[in-house]
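# Breakdown of the fold
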Amino acid sequence: MIRRMSRKHLLAGLAAAGVLGVGIAAPTVALADDKSPSPAPSASTSTDQGTDRQQQRADRQAGFAEALAKELGVPTDKVTAALEKLREQRQADRPGRPSTENRQAALKERLDQAVKDGKLTQEQADAVLKAAEAGVFPGPGGHGHRGGDGRFGR
């Protein structure tokens, strides 16, 4: 069965596709006049990769500040200072990350409560705690950690 689309729906769909296309293309065009080559990925240690990522992030932020300053017609140093001020304010608003010891203590409390409630045996709780202490689970400092607070969709 072939269903015909009304002209109104067709035009609305085309308009939405056009807006989406402009939304995707505009940032690409804005950064297209950056002729500097991006650094090649290196096959070095994780410390070097972390430094490379920090440098790449700093380069992207500088490019963003320059493009924004040009668009607004203000000096780049003024935009950079404003962005840095906002970044510092955002950092101050974030709660600090708990230490490894505090996280493990909280885990132990939750495991003890699960044993008390009959959800786990003591052997299971001990095994989980031992695995956490050995760094088996992803998390800050562990393998596979990608940031965030562990909740999905945030």
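Keep in mind that this is a model prediction, so the values were computed, not measured.

Each helix and strand in the protein was counted, giving 5 helices and 0 strands. Counting from the amino terminus, the protein carries its helices and strands in the arrangement α-α-α-α-α. Pairs at least 24 apart in sequence give 28% of the contacts found in the protein among residues at least 6 apart. For the protein, the accessible area works out to roughly 13500 Å², and carbon and sulfur atoms hold 58% of it.

This paragraph deals with the confidence of the model for the protein. On average, the protein scores 75 in pLDDT, and the residues at 70 or more come to 66%. Taken together, the stretch residues 141–148 has pLDDT below 50 and engages in 8 contacts with residues farther than four places along the chain or on a different chain.

To continue, consider the environment of D77. If you trace the backbone, D77 turns up in helix α3 (residues 76–93). Take D77: its relative accessible area is 59%, and that puts it in the exposed class. Separated by 11 residues in sequence, D77 and E66 have C-alpha atoms that sit 8.7 Å apart.

Helix α5 (residues 122–133) packs onto helix α4 (residues 100–116) with a crossing angle of 165° between their chain directions and a minimal axis gap of 9 Å. Considering their axes alone, α4 and α5 lie roughly antiparallel with respect to each other. Crossing handedness for the pair α4 and α5: right-handed. Here α4 contributes Q104, L107, K108, L111 and V115 to the contact with α5, which in turn contributes Q122, A125, V128, L129, A132 and E133.

In this structure, L107, L111, A125, L129 and A132 together form the largest nonpolar core, which totals 5 residues. Secondary structure elements with two or more residues in this core: α4 and α5. Non-local contacts of L107, meaning those with residues more than four positions away in its chain, are made with L129 and A132.

On the surface, L10, L11 and L14 cluster together into a nonpolar patch covering about 300 Å² of accessible area. For L10, the position within the fold is in helix α1 (residues 7–32).

Among the structural elements, A131 can be located in helix α5. For A131, a relative accessible area of 18% puts it in the buried group.

Moving on, we get to α4. A rise of 1.5 Å per residue sets the reference length of α4, with its 17 residues, at 24 Å; its end C-alpha atoms lie 24 Å apart and thus fit the reference within 8%. Every buried residue of α4 is accounted for by L107, L111 and A114. Down the axis of α4, the smallest arc covering the buried residues is 55°, so these residues share one side. What points out from α4, more than 90 degrees from its buried face, is the exposed set E101, E109 and K116. Residues of α4 that are buried make contact with α5. Positive phi appears at G118, one or two residues downstream of α4, with a value of about 85°.

Here is what the cut-offs are and how they apply
- One numbering rule holds for all chains: residues counted from 1, following each sequence as written.
- This being a predicted model, a pLDDT of at least 70 is required before a residue's local features are given, and a value of 80 or more before pairs of side-chain atoms are given or counted; all residues contribute to the totals for chains, interfaces and linings.
- Side-chain numbers come from the whole structure's heavy atoms, not from hydrogens or water.
- For the purposes of this entry, the term helix denotes a DSSP run of H or I that reaches at least four residues, the term strand denotes a run of E that reaches at least two, and both are numbered from the N terminus.
- Contact criterion: two residues are considered in contact whenever any of their non-hydrogen atoms come within 4.5 Å of each other.
- Accessible areas in this description were obtained via Shrake-Rupley with a 1.4 Å probe; residue shielding takes into account the shown protein chains only.
- In predicted models, pLDDT denotes the confidence assigned by the predictor to each residue on a 0 to 100 scale.
- The rule is simple: take the accessible area with a 1.4 Å probe, protein chains only, and divide by the maximum for that residue type; under 20% is buried, over 50% is exposed, in between is partly exposed.
- Angles here are taken between N-to-C directions and fall from 0 to 180 degrees, while the axes themselves are lines fitted to C-alpha atoms, restricted in helices to the stretch in contact.
- An angle below 35 degrees is treated as roughly parallel, one above 145 as roughly antiparallel, one from 65 to 115 as roughly perpendicular, and anything else as oblique.
- Each crossing is labelled by how the near helix is turned from the far one, with a counterclockwise turn of less than a right angle marking it left-handed and a clockwise turn marking it right-handed.
- Take the buried Ala, Val, Leu, Ile, Met, Phe, Trp, Tyr and Cys residues and link them wherever side-chain atoms come within 4.5 Å; each set so joined is a nonpolar core.
- Nonpolar side chains (Val, Leu, Ile, Met, Phe, Trp, Tyr) are joined into patches within 5 Å and like charges within 9 Å, using only residues with over 30% relative accessible area and no salt bridge.
- By definition, a salt bridge exists where a carboxyl oxygen of Asp or Glu is found within 4 Å of a side-chain nitrogen of Lys or Arg.
- Take the residue count of a helix, subtract one, and multiply by 1.5 Å to get its expected span.
- Working note: the arc is built from the helix axis to C-beta atom directions.

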